[in-house]
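For reference, the chains in residue letters:
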Amino acid sequence: MKAKGVRLHGANDLRLEEFELPEITDDEILVKVVSDSICMSTYKCAILGTEHKRVHEDVADHPAIMGHEFAGDIVKVGKNHQEKFKPGMKFTLQPALNYKGTMWSPGYSYEFFGGDTTYCVIPAEVMELGCLLEYRGKAYYEASLAEPMSCSIGAFHAAYHTKMGVYSHHMGIREGGKLAIMAGAGPMGLGALTYALHCDIRPSLVVVTDLNQERLDRAAQLFPPEEIAKEGIRLLFVNTGNAADPVQELLDITDGTGYDDVLCYAPVASVITQSSAILGRDGCLNFFAGPTDKKIQCRDEFLRCPL
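Owing to the predicted nature of the structure, the values given are computational and were not obtained by experimental measurement.

(A) Here's a closer look at the state of the cysteines. As enumerated under the stated definition, the model contains zero disulfides in all. Sulfur of Cys120: no disulfide; nearest cysteine sulfur belongs to Cys131 and is 14 Å away. Owing to a relative accessible area of 0%, Cys120 belongs among the buried residues under this scheme. Cys284 provides the cysteine sulfur closest to Cys199, a residue in no disulfide bond, and the two sulfurs are 14 Å apart.

Given below as structure tokens:
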């Protein structure tokens, strides 16, 4: 059948085109894509082409459908999966397959499997790994956002802290601690803020930074600081572009102690450097969205362990 989608042919070579999907095998499933959200890694894939670790070397001959955060409807099911999946079911999926140690993933590595298309074919390994999931919600976009939200949630639980003189890790952000979400007024940052305000371990202070005042104002409307304060959390939105010394301004908010946890949501050297510089003692920095430039340079404090 015919499908129409955005496919990667090489670095900086994306094409919206119509192409023929092969007939599915007994181990495959044909789906209609309804929603697909765009990840920073999708941008990196488009810029880097085969230099991206998930893109296959022969992508010029077998272009990859872009997009990995998608949901939709099951159209046709191969006979080996008909007991579990039915035509008409809504679906979403876990795109980080790590199948047999490979980095292959929809949106980077497959000719007929990705989200930026009208229809695609889900290969056997997805079902083998249990990564195709029935979706019973109403809004497809919510299913598309499950994967990026899981990344932010994972960061909260992957953070760790120690006690002086004790060589063991206490996993998660610091209870009642100080959290900075840098470049955080975009979708991922606001998702992280949502989790920070509702997770089982909650900070006492959350500072969200950005350079765009319009985005900060919108964030403050969505998360009114006066309402959040009723939950015992002090929430501040800070435009670091207006500060003569952003690092000092952010440190002053903590009375000079620095932040226990910092989430950096922009692959920009200046933001990474600021994120490191505001860490307090035993602070934990989680850096999202690695840059396309692998030789990105930051000042020495990015490599420094705060004392």
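(B) Examining the pattern of salt bridges more closely. Taken as a whole and judged by the stated rule, the model has ten salt bridges. Across the pair Lys79 and Asp26 runs a salt bridge, and its minimum N-O distance is 3.8 Å. Residue Lys79 is located in the loop between strand 5 (69–77) and strand 6 (90–93), and its partner Asp26 is located in the loop between strand 2 (13–20) and strand 3 (29–37); the two are separated by 53 residues in the primary sequence. A residue is classified by how much of its surface remains accessible, and Lys79, at 57% relative accessible area, is exposed. Residues Arg136 and Glu134 are paired through a salt bridge, measuring 3.4 Å at the closest nitrogen-oxygen approach. A network of salt bridges, in which partner residues are shared, links Arg174, Asp260 and Asp282.

(C) Local environment of the layout of surface pockets. The volume enclosed by the largest pocket comes to roughly 1,300 Å³. As for the largest pocket, its lining consists of 44 residues, and the residues nearest its centre are Cys39, Met40, Ser41, Glu69 and Met188. Element by element, the count of residues in the lining of the largest pocket is highest for helix 4 (residues 146–158), at six residues. Of the residues that constitute the lining of the largest pocket, the class distribution is 23 nonpolar, twelve polar and nine charged.

(D) Region of interest: the pairing of strand 15 (residues 279–287). Across five bridges, strand 14 (residues 259–264) lies against strand 15 in parallel orientation. Paired with Asp261 across the bridge in strand 15 is Cys284. Handedness of the crossover joining strand 14 and strand 15 through helix 9 (residues 269–277) is recorded here as right-handed.

(E) Spatial organisation of a negative patch on the surface. On the surface, Glu51, Glu57, Asp58 and Asp61 cluster together into a patch of negative charge. If you trace the backbone, Asp58 turns up in the loop between helix 1 (40–48) and strand 4 (64–65).

(F) Highlighting the sheet that holds strand 7 (residues 119–122). In space, the five strands of this open sheet follow the order 7-3-5-6-8, with antiparallel pairing throughout. Looking at the sheet topology across the chains shown, the edges are occupied by strand 7 and strand 8 (132–134). Pairwise comparison of adjacent strand axes, ignoring direction, gives a mean angle of 40 degrees for this sheet. Of the pairings in the sheet, the one linking strand 6 to strand 8 comprises three bridges and is antiparallel in character. The residue bridging Phe91 from the neighbouring strand is Glu134, located in strand 8.

(G) Structural context of empty space enclosed by the protein. Applying the stated criterion to the full structure yields two cavities of 30 Å³ or more. Here the largest cavity defines a volume of roughly 40 Å³. Lining the largest cavity are Ala155, Ala159, Ile173, Asp261, Val262, Leu263, Cys284, Leu285 and Asn286. For the lining of the largest cavity, the elements supplying multiple residues, two or more each, are strand 14 and strand 15. By volume, the second largest cavity is sized at about 30 Å³. Residues that form the lining of the second largest cavity fall into these classes: four nonpolar, two polar and one charged.

Conventions adopted
Residues numbered from 1 in each chain as written. Predicted model: local features only at pLDDT ≥ 70, side-chain atom pairs only at ≥ 80, totals over all residues. Heavy atoms only, no water. Disulfide = S-S within 2.5 Å. Buried < 20%, exposed > 50% of the residue type's maximum accessible area, 1.4 Å probe, protein only. Salt bridge = Lys/Arg side-chain N within 4 Å of Asp/Glu carboxyl O. Helix = DSSP H or I, 4+ residues; strand = E, 2+ residues; numbered from the N terminus. 1 Å grid on protein atoms, 1.4 Å probe; cavity = no way out; pocket = protein on both sides within 12 Å on 5 of 7 lines; lining within 4 Å. Points joined across faces, edges and corners; volume = space filled by probe spheres on them. Nonpolar A, V, L, I, M, F, W, Y, C, P; charged D, E, K, R; others polar. Pairing = 2+ DSSP bridges. Right-handed = clockwise from strand over helix to strand, strands pointing away. Patch = residues over 30% accessible without salt bridge, like charges linked within 9 Å, V, L, I, M, F, W, Y side chains within 5 Å. Areas by Shrake-Rupley, 256 points an atom, 1.4 Å probe, with all protein chains shown as cover. Lys, Arg positive; Asp, Glu negative; His and termini not counted. Charge placed at Lys NZ, Arg CZ, Asp CG, Glu CD. Axes fitted to C-alpha atoms, helices over the stretch in contact; angles between N-to-C directions.

The values reported here are purely geometric and, on their own, carry no functional implication.
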